[in-house]
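Observations on chain architecture
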Amino acid sequence: MIGKVLIYISFAASILSITGFLLTHTGRDKFLNMGRIFFHITSIGFITASLYLLYIILTHQFQFAYVWEQSSTDLQLPLLMSTFYAGQEGSFMLWAFLTAVIGIFLLNFVSKGDRHEPQVMLVYTLVLSFLALILILKSPFNYIWEAFPKEVEYGFVPPEGRGLNPLLQNFWMSIHPPTLFLGFSSLTVPFAFAIGSLLKNEYSKWVTFSVPWILFSGGILGLGIMMGGYWAYGVLGWGGYWAWDPVENSSLIPWIINVASLHTILSQKKTGGYKKTNLILSILAFLLVLYSTFLTRSGILGDSSVHSFVDPGALVYLVLVIFISSFTLISLAAIIFRWKSLKDLRTESSKFLTKESFLLIGALLLSASALVVFVGTSLPIVSQAKVEANFYNKMTIPIAIFLMITMGISLYIDWKQTELKKFTSNLILPGILSLIMTIVLVVIGLHDPLYIIFAFVSLIAFFINARLAVKVIRNGKLSFGGMFAHIGIALFFLGVIGSGRYSEETNLSLERGVPKEAFGYKFTYSGATPFMDANNKRDTMYAFNVTVEQDNKEMTMRPIMFVSTFSNGIMKNPDIANFSYKDLYISPMSLEEPDLYPKEAQYDIKKGEKKKIDDLTVEFVDFDFGNMQKGGKEMASGNYTLGAILNVSDGKTTETLNVKTQFVNGQPSPMAFMMKDNRNYEFYFLNMSVKGEEAGGTTARIVVLDRNKNYNTTANEVLVAEVSIKPFISVLWTGVVLMFVGFIVSIFRRRKEISMKYPDVPADNKTEKKKK
């Protein structure tokens, strides 16, 4: 009840805050404090509700349906805390919590001087009001008897919770979703600045104020996306870091648009151009966050994405649609209304060989890649078609090649006309180094012409940015952030080329104690070791010990498999050996028990069917249950005998055999039977299957062994595993880290610029007259 009350308070306060900021925008300055006070109440309500949700999770209050569905008493503290956002309701709560926290910092930022406070906070609080409405309809504070009124009596408190999905029981669950949602929430700020500038009809200041927030969103959201990639690669055993899954894509698209807006905004700051472009891109990035939320949480991609949540219900689905539609209409209306005011301040047209032109080209290339991903991601919504990864690769790689060219040579281009001789001379050293490195890559195995070009232009971008970054750092300036981010992206693409295009993989069937070779390594499976993981106390896990040898050196790799009691499915975790230039990756697929009976001698025979087996004709007549009834006490106890009645003919004689299997404590022990007049064959009855005709009918699995034939059988268990080599994947992860560092450095630089240009002086609560 407390949690629901807090959400209602937040919703009501957000409406009053919107009213206060709206009245201030219209010129009634006395209502500004009203907007501020009720915004703080809104934020405090969300924060307190979030803390209360965390409290009922940590204290195992299973009378709350959400706590019962997502958590359990055996989870360690970090994972128990992560159940806060493991389900739909909690993820909405996390989104609202982070948006509220960011809003407090934003209000403090815009309240210093004339920073469009009423307009920005009006839009920002409107977003919070919609989140409050969703939480009212999809509350994490429903009691279990409210959520399941027909199954649970009023006041019932379950003794234990269902627990967290084993796929989520990992360190990355503690940091990946919060980081991703922090990026999503922060994209509300540039959106609020963009709509706020349209409301105020002033378009120069907002780009300066929004740049640190755009950088923050780009850095955090990019980091969150790649955390998910590493989680998939290093823990979940999916074999790669990016699968072009629709939900993965839906978080990537707003990040790309956000980065595109960053480049055109820098151009507007310098030349006054691209006003419309910057407003549209900043608005679009946020709208795509809403679209991502809709795709992930509406259940619409349930059949095409492993990440999608289940259907939230018709009412919440409708609110999500209204959420997206409302802000889309607000954005369109504002842009159309102010279109004539968005004049270009440039006095002369931009020439091609200028930094401004190349920043625009880069933004257009980024937007084109976002459009490709958007189309591929949205296609399953309007059709049954599933877009394969090959579509994305073919469409985006040419774009990435031109993007790398732009990202490299643009740094040697001036804002005004560039001297061609100076420009070409600056490219000589990076060009030579890139050519040498490309030749080296070709020698060691890079043969695809398209990827050779991709590698060459990525190296050019790397060397140009690295050269200039060193120069800037030596001069003691902070302007190397963008160069670091560019270096990171270039390294990322080089890692993608190596680990994606030139990854090698094979499936090995490793019989225990029998070595097998692949990729220059010798693999020997030596058995499984059971253990209990501290994060999962319900399931016994098995580490499959594989000795890997090369050049008289050996190591033991231990991929993991276990049967989850949560889902009754098999969970798999890979093991990875990291080398300086590659990863050796082993992902378990299955464990095959020893072949007591060769598969080639096993036959499924339907009741009444005659099957020709070598020189024999075998007919399955019926099962023999003896004196017991199907499903009776003997069968329930696990100690009983079953028989399969067979008519067997060798062309000379026909005999009826009652081939039996004895079960002891539920474990079968098939008994051998032979014909009286033909001792060349042994018969075993393995198991039965009783189904309707449409599902295959009643069948018996029979083994017919020819005693004069040698069968290929294994006396030991066999581990089937996918073994792969991922070249240069460490380059990819290094690129991600450098890109993030670049964003962070740039944030500090841009914040310093704002403090120098617009000193932190308190607002005088006077609103400029709205420009007509």
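As the structure is a computational prediction, the values presented were derived from the model and not from experiment.

Brief notes about the overall build of the chain
Along its length, the chain carries 20 helices and 18 strands. Relative to its 772 residues, the chain shows a buried fraction of 52%. Just so you have it, the chain exposes about 35,600 Å², and 60% of that area is on carbon and sulfur atoms.

With respect to the pattern of salt bridges
For side chains bearing opposite charge, pairing can occur when the charged atoms are close. Counted according to the given criterion, the structure contains 9 salt bridges. Lys 138 is paired through a salt bridge with Glu 89; the nearest N and O atoms lie 4.0 Å apart. Of this pair, Lys 138 sits in the loop between helix H6 (117–137) and helix H7 (144–147) while Glu 89 sits in helix H5 (residues 88–110), placing them 49 residues apart in sequence. Of the two residues, Lys 138 and Glu 89, both sit in the buried class.

Remarks on the domain arrangement of the chain
Domain annotation of the chain identifies domain 1 (1–164) and domain 2 (599–706). With centres defined by C-alpha atoms, the gap from domain 1 to domain 2 works out at 63 Å.

Describing the pairing of strand E5 (residues 553–557)
Of the strand pairs in this sheet, strand E4 (residues 536–550) and E5 are connected by 5 bridges, and their pairing is antiparallel. If you follow Val 546 over to E5, its bridge partner there is Met 557. Between E4 and E5, which pair antiparallel and follow one another directly, the connecting turn spans 2 residues, one of which, Asp 551, has a positive phi of 55°.

Concerning the sheet that holds strand E15 (residues 667–670)
A sheet is described by the order of its strands in space; here 5 strands give the open sequence E11-E12-E13-E14-E15, paired in antiparallel fashion. Looking at strand neighbours, the two that pair on one side only are strand E11 (610–613) and E15, the edges of this open sheet. Ignoring strand direction, the axes of neighbouring strands in this sheet form an average angle of 30°. In this sheet, strand E12 (residues 616–624) lies alongside E11 in antiparallel orientation, the contact comprising 4 bridges.

A closer look at the nonpolar core
Core analysis: the biggest nonpolar cluster contains 167 residues, and Phe 193 and Phe 454 have the highest contact counts within it. Tallying contributions element by element places helix H10 (residues 205–234) first for this core, with 13 residues. Residues Ile 605, Val 618, Tyr 640 and Leu 642 belong to the second largest nonpolar core, which totals 22 residues.

Some thoughts on helix H11 (residues 246–271)
Given a rise of 1.5 Å per residue, 26 residues ought to cover 38 Å, and the 38 Å separating the end C-alpha atoms of H11 matches this to within 8%. H11 sits mainly inside the fold: 22 of its 26 residues count as buried. Capping the start of H11 is the job of one residue whose side-chain oxygen sits 2.9 Å from the backbone nitrogen of Val 247: Asp 245. Backbone geometry just after H11 places Gly 272 at a positive phi near 85°.

Some remarks on the pairing of strand E18 (residues 718–727)
Of all 10 residues in E18, 10 are buried; the element is thus mostly enclosed. In this sheet, E18 lies alongside strand E1 (residues 504–511) in antiparallel orientation, the contact comprising 8 bridges. Each bridged residue has a counterpart across the sheet, and for Glu 505 the counterpart in E18 is Ser 724. Bridging between strand E9 (residues 582–592) and E18 involves 10 bridges; their strand directions are antiparallel. If you follow Tyr 585 over to E18, its bridge partner there is Ser 724.

So, unusual backbone geometry
Of note, Asp 614 is a non-glycine position whose phi angle comes to about 55°, a positive value. Along the polypeptide, Asp 614 turns up in the loop between E11 and E12. With relative accessibility at 36%, the residue Asp 614 sits in the partly exposed group. Its identity as a non-glycine residue notwithstanding, Phe 728 has a phi of 60°, on the positive side. As for its position among the elements, Phe 728 is in the loop between E18 and helix H20 (729–757).

Quick notes on the environment of Val 648
When you line up the elements, Val 648 lands in strand E13 (residues 640–649). Each C-alpha atom of the pair Val 648 and Lys 611 lies 9.7 Å from the other, and the pair is 37 residues apart in sequence. Once you skip the residues sitting within four places of it in the chain, Val 648 turns out to touch Leu 616, Thr 617, Val 618, Thr 653, Thr 654, Glu 655, Leu 657, Met 675 and Phe 683.

Quick look at the sheet that holds strand E16 (residues 681–689)
The strand order across the open sheet built from 3 strands is E10-E17-E16, with neighbouring strands paired in antiparallel fashion. On the outer flanks of this sheet lie strand E10 (602–606) and E16, each paired with one strand and no other. Strand-to-strand twist across the sheet, computed as the mean angle between neighbouring axes with direction ignored, equals 30°. Two elements, E16 and strand E17 (residues 699–706), share 8 bridges in a ladder whose sense is antiparallel. Paired with Phe 685 across the bridge in E17 is Ile 702.

A look at a nonpolar patch on the surface
A cluster of nonpolar side chains, namely Ile 428, Ile 432, Leu 435, Ile 436, Ile 439, Val 440, Val 443 and Ile 444, defines an oily patch on the protein surface of about 760 Å² accessible area. Relative to the helices and strands, Ile 439 resides in helix H16 (residues 420–443). Residue Ile 439 is classed as partly exposed on the basis of its relative accessible area, which comes to 48%.

Re the environment of Ala 368
With respect to the helices and strands, Ala 368 occurs in helix H14 (residues 355–382). Taking C-alpha positions, Ala 368 is 29 Å from Arg 467, a pair spaced 99 residues apart along the chain.

As for the packing of aromatic side chains
Under the criterion given, the structure shown has 44 aromatic pairs. Ring geometry for Phe 181 versus Phe 184: centroids 6.0 Å apart, planes at 85°, classification edge-to-face. Residue Phe 181 and its partner Phe 184 are both found in helix H8 (residues 171–186); the two are separated by 3 residues, about one turn of the helix. Residue Phe 181 shares its accessibility class with Phe 184, and that shared class is buried. Ring geometry for Tyr 451 and Tyr 502: centres 6.5 Å apart, planes at 80°, overall edge-to-face. With a gap of 51 residues between them, Tyr 451 in helix H17 (residues 449–474) and Tyr 502 in the loop between helix H18 (481–501) and E1 connect regions that are remote in the sequence. Taking the relative accessible area as the measure of exposure, Tyr 502 reaches 22% and is therefore partly exposed. An aromatic cluster is present here, built from Tyr 52, Tyr 55, Phe 64, Phe 141, Tyr 143, Trp 145 and Tyr 154 joined pairwise through their rings.

Some words on the packing of helix H1 (residues 2–25) against H6
Close contact between H1 and H6 brings their axes to 8 Å; oriented N to C, the two are set at 160°. Between H1 and H6, the angle is such that the two are roughly antiparallel. The crossing of H1 and H6 is left-handed. In this structure, H1 contributes Ile 7, Tyr 8, Phe 11, Ser 14, Ile 15, Ser 17, Ile 18, Phe 21, Leu 22, Thr 24 and His 25 to the contact, and H6 contributes Glu 117, Pro 118, Gln 119, Met 121, Leu 122, Thr 125, Leu 126, Ser 129, Ala 132, Leu 133, Leu 135 and Ile 136. Class assignment for the residues of the contact of H1 with H6 results in 15 nonpolar, 7 polar and 1 charged.

Calculation criteria
Residues numbered from 1 in each chain as written. Predicted model: local features only at pLDDT ≥ 70, side-chain atom pairs only at ≥ 80, totals over all residues. Heavy atoms only, no water. Helix = DSSP H or I, 4+ residues; strand = E, 2+ residues; numbered from the N terminus. Buried < 20%, exposed > 50% of the residue type's maximum accessible area, 1.4 Å probe, protein only. Areas by Shrake-Rupley, 256 points an atom, 1.4 Å probe, with all protein chains shown as cover. Salt bridge = Lys/Arg side-chain N within 4 Å of Asp/Glu carboxyl O. Domains from an automatic or database assignment. Pairing = 2+ DSSP bridges. Axes fitted to C-alpha atoms, helices over the stretch in contact; angles between N-to-C directions. Core = buried A, V, L, I, M, F, W, Y, C linked by side-chain atoms within 4.5 Å. Expected span 1.5 Å × (residues − 1). Polar contact = N/O pair within 3.5 Å; in protein donor to acceptor, adjacent residues only side chain to side chain. Contact = heavy atoms within 4.5 Å. Patch = residues over 30% accessible without salt bridge, like charges linked within 9 Å, V, L, I, M, F, W, Y side chains within 5 Å. Phe/Tyr/Trp six-rings, centres within 6.5 Å; stacked < 30°, edge-to-face > 60°. Parallel < 35°, antiparallel > 145°, perpendicular 65-115°, else oblique. Left-handed = near helix turned anticlockwise from the far one by under 90°. Nonpolar A, V, L, I, M, F, W, Y, C, P; charged D, E, K, R; others polar.

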